[in-house]
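Structural characterization, general
Below are the chains, spelled out letter by letter.
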Amino acid sequence: WCPSAGRTPTLTGAGEALLEHAFGIAAGLDEMRAHAHQIAGGLEPVVSLAVDTFFPTNILLDALTHLGVAHPDLPIRLRSESLGGVAAAVLEGSCRVGISGPLPQRSRDGLEVTPYCRTRIVAVVGSGHALAQIEDPSIEHLRAYVQLVLSDRSELTRDRSTAVLDGRRWSFADSAVRRAALLHGIGWCHMPQHMVDDELRNGRLVRLCVTSEPLWHAHFLVHRTGEPPGPATAALLERVRVSCDVA
């Protein structure tokens, strides 16, 4: 500060910077105290969740927004994984709980796996693809063209395929790249309906009605044996499950 006769003392530039830094430290201490109070009350120190890439993002984000309002000082770690990556993240301890796709029995050691909810799957192809011109395509029609499939980078479910036909196929480790290939007209694939609704409406994609029976992708709740979700995570998961049942 810079005192002068007959004038109100004012802070120098350096003093203002230090004062701003002090306010930041005070705010951080307040946040730390609030977080410590929550933990002392039984709340988990962090919500860490791994989620299958096929899971409806809007439902999850709505529930996370509600959690953030209820517990503004609670840190959230969200990780998106495909196939066996969710269970692997839980087993290695980087996430406390996961919403996973189906897991073979050999991949469940050390995990508690509980049926959770399901999302609808549809077969789709780009509107300019030859399959889109066939009115009622059969399985044999599909086998004649490239199927775009996800490959598993996790050791837990390596070489496991879901809804994959015998025939021509291209494998992708990245679901975003597979989606881009689909929209580019390279081949057809199975996709969660909520992920392609917009493209089906605007005509970029066409649904392939091969069967009258709906296809479903099952989701499972996974956590390490003896380590169930904390109260905030459990409330989040219940809100998500109820929203899935309504959707």
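What counts as what
The numbering scheme is per chain: residues are counted from 1 as the chain's sequence reads. This being a predicted model, a pLDDT of at least 70 is required before a residue's local features are given, and a value of 80 or more before pairs of side-chain atoms are given or counted; all residues contribute to the totals for chains, interfaces and linings. Each side-chain value is worked out from all heavy atoms of the structure, with water and hydrogens disregarded. Each residue gets one of three labels from its accessible area relative to the maximum for its type: buried under 20%, exposed over 50%, partly exposed in between, using a 1.4 Å probe on protein chains only. Counting from the N terminus, the helices are DSSP H or I runs at least four residues long and the strands are E runs at least two residues long. Strands qualify as paired when DSSP identifies two bridges or more between them. By convention a crossover is right-handed if, when the strands point away from the viewer, the path from the first strand over the helix to the second runs clockwise. Any two cysteine sulfur atoms within 2.5 Å of one another count as a disulfide. Note on aromatic pairs: the rings of Phe, Tyr and Trp (six-membered ring only in Trp) are paired at centre separations within 6.5 Å, and the planes decide the class, stacked below 30 degrees, edge-to-face beyond 60, tilted for the rest. Whether a charge sits over a ring comes down to the Lys NZ or Arg CZ being within 6 Å of the ring centre and within 35 degrees of the ring normal. pLDDT measures how confident the predictor is about each residue, on a scale from 0 to 100. Any two residues whose heavy atoms approach within 4.5 Å at even a single point are treated as in contact.

It is worth spelling out the pairing of strand E5 (residues 147–150) at this point. Along any regular strand, the residues point their side chains to alternate faces of the sheet. Residues of E5 alternate between two faces, with Gln147 and Val149 on one and Leu148 and Leu150 on the opposite face, all of them buried. When E5 meets strand E6 (residues 169–172), the two strands line up parallel, connected through 4 bridges. Across the sheet, Gln147 pairs through a bridge with Arg169, a residue of E6.

In terms of burial, strand E1 (residues 47–52) is largely enclosed, as 6 of its 6 residues are buried. Here E1 shows a buried face lined by Val47, Leu49 and Val51 and a second buried face lined by Ser48, Ala50 and Asp52. Two elements, E1 and strand E2 (residues 76–81), share 6 bridges in a ladder whose sense is parallel. Across the sheet, residue Val51 finds its bridge partner in E2, namely Ser80. Considered for its hand, the β-α-β crossover made up of E1, helix H2 (residues 57–70) and E2 is right-handed. Across 3 bridges, the pairing between E1 and strand E3 (residues 97–100) is parallel. Paired with Ala50 across the strands is Gly98, a residue of E3.

Another point: the environment of Gly93. Within the secondary structure, Gly93 is located in the loop between helix H3 (85–91) and E3. Separated by 45 residues in the primary sequence, Gly93 and Ser48 place their C-alpha atoms 9.6 Å from one another.

This part takes up the state of the cysteines. Applying the stated criterion to the full structure yields 0 disulfides. Just so you know, Cys244 is unpaired, no disulfide at all, and the nearest cysteine sulfur is the one on Cys117, 3.6 Å from it. Judged by its relative accessible area of 10%, Cys244 falls in the buried class.

Within the structure shown, the criterion is met by 0 aromatic pairs. Above the ring of Trp216, the side-chain terminus of Arg118 is found at 3.9 Å from the ring centroid.

Right, let's talk about the confidence of the model for the protein for a bit. Note that predicted coordinates carrying low pLDDT should not be read in detail. Confidence along the protein averages 82 in pLDDT terms, with 76% of residues attaining 70 or more. Ranking the elements of the protein by mean pLDDT puts helix H1 (residues 13–40) last with 56 and strand E8 (residues 205–207) first with 95. Within the model, the stretch residues 32–41 combines pLDDT values under 50 with 10 contacts to residues more than four positions away or in other chains.

Before going further, it helps to spend a moment on the environment of Asp73. When you line up the elements, Asp73 lands in the loop between H2 and E2. According to the relative accessible area criterion, Asp73 is partly exposed, its value standing at 24%.

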